[in-house]
Amino acid sequence: MHDISLDHYLVVGNPIAHSKSPLIHTEFAKQTQQAIHYEALLIDTSSGAFATAVNAFRANGGKGLNVTVPFKQAAWEFVQHRSERAKRAGAVNTIGFNQQGESWGDNTDGVGLVRDLTQNQGKSLTGQRILLLGAGGAVRGVLEPILAEKPASCVIANRTLEKAQVLVSLFAEIEPLSACTYDALAGQQFDIIINGTSASLQGELPPLPDNIIPAKRGWCYDMMYAATRTPFVQWALEHGAICARDGLGMLVEQAAESFYLWRGVRPKTEPVIEHLRYLLQ
Ligand code: ATR
């Protein structure tokens, strides 16, 4: 039964049981004294199930949703209005409804990554040589906010070169972006290497050449997170990166941006990141 004194929010996906979003948003709400209830909902992957579930939630007075795998593209198609960054990302992870009941969609993943790097960890992307590993939805989702930080160069490496080239063509007007395969990285140096492949999910590493080196004082960042080091974080530490981080901070930062879009209040992220890290152990 809905508590009508609270505004209701959901995270939807399939699978969804593992989602940390209810915990994160509940902590944000406590911290900022916002009267919200946030829970996870598993949606069937059959055609139309996403739209049916979101429409039912809206009809019941629901205020907003986070959307995760595999529905971010369906969410993009579903919403009536899209932010610029959602248009570029081709994916929506945050849905809300305006006063007229129309749906809007945004994508907070890229902002989450950039804030975790720049604000939480004090690593500026400006003027840096950045290497992005992977050319799927995860990388597409973060490209625009990364490029907005004005790196010196940004290379997208992928097993399937064509997919990296398609991403480059979406941002054709932005100069320092290029695509290559992993072999072509041999001997090159980068200031920041960001892993956006799903290889970590299988406990694998992208096929990086042995002699690719994070530059002196170089950073590595895995968009995935884990209780122990991800394979990429382990690789980075063995290859001389001064700092190697996983994506737990990005998860909390993207949630904070969604929370801000819905509630107009910015929660503190640091205590929530620390709490999640503790729970992961
Ligand atoms: P997501 O939405 O999570 O990005 P995706 O669109 O399926 O998922 O993309 C997965 C990305 O991880 C792709 O760039 C994929 O490379 P290919 O396009 O060449 O398939 C990459 N990937 C997955 N497993 C990998 C592995 N073991 N090594 C290297 N790249 C891998």
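Residues numbered from 1 in each chain as written. Predicted model: local features only at pLDDT ≥ 70, side-chain atom pairs only at ≥ 80, totals over all residues.

Caption draft 1: Layout of the pairing of strand 8 (residues 153–157). In terms of burial, strand 8 is a largely internal element, 4 of the 5 residues being buried. Of the strand pairs in this sheet, strand 7 (residues 129–133) and strand 8 are connected by 5 bridges, and their pairing is parallel. Along strand 8, the bridge assignment pairs Ile 130 with Cys 154. Bridging between strand 8 and strand 9 (residues 177–180) involves 4 bridges; their strand directions are parallel. Residue pairing for strand 9: Cys 154 is matched across the bridge by Leu 177. In this fold, the crossover linking strand 8 to strand 9 by way of helix 7 (residues 161–170) has right-handed handedness. (Buried ≥ 20, exposed ≤ 12 C-beta atoms within 10 Å, placed from the backbone. Helix = DSSP H or I, 4+ residues; strand = E, 2+ residues; numbered from the N terminus. Pairing = 2+ DSSP bridges. Right-handed = clockwise from strand over helix to strand, strands pointing away.)

Caption draft 2: Region of interest: the domain arrangement of the protein chain. Under the domain assignment, the protein chain is made up of domain 1 (7–107 + 251–280) and domain 2 (110–246). In this structure, domain 1 and domain 2 have C-alpha centres spaced 25 Å apart. With 12 residues of domain 1 at the contact, the number on the domain 2 side is 12 residues. Secondary-structure elements contributing two or more residues to the side of domain 1 that touches domain 2 are helix 4 (84–89) and helix 9 (248–263). In terms of residue count, the dominant contributor to the side of domain 1 that touches domain 2 is helix 9 (4 residues). Taken together, the residues of the side of domain 1 that touches domain 2 break down into 4 nonpolar, 3 polar and 5 charged. (Domains from an automatic or database assignment. Contact = placed C-beta atoms within 7 Å. Nonpolar A, V, L, I, M, F, W, Y, C, P; charged D, E, K, R; others polar.)

Caption draft 3: Molecular detail of the site of the ligand. Every one of the 15 residues lining the ligand counts as a neighbour, but Gly 136, Gly 137, Ala 138, Arg 159 and Thr 197 are closest to it. When grouped by side-chain class, the residues that make up the shell around the ligand number 5 nonpolar, 7 polar and 3 charged. (Near = placed C-beta within 6 Å.)

Caption draft 4: Fine view of unusual backbone geometry. For the bond running from Asn 14 to Pro 15, omega is 5°, close enough to zero to count as cis. Following the sequence through the fold, Pro 15 ends up in the loop between strand 1 (7–13) and helix 1 (21–32). Here the bond from Val 69 into Pro 70 is cis, since omega is 5°, no more than 30 degrees from zero. Among the secondary structure elements, Pro 70 is positioned in the loop between strand 3 (64–67) and helix 3 (72–78). The phi angle at Gln 33 is positive, at roughly 55°, despite the residue not being glycine. You can see Gln 33 is positioned in the loop between helix 1 and strand 2 (36–42). Residue classification places Gln 33 among the exposed residues on the basis of 7 C-beta atoms within 10 Å. In the Ramachandran plot, Lys 150 falls in the positive-phi region, its phi being about 60° despite a non-glycine side chain. Within the secondary structure, Lys 150 is located in the loop between helix 6 (137–148) and strand 8. Given 14 C-beta atoms within 10 Å, Lys 150 falls into the partly exposed group.

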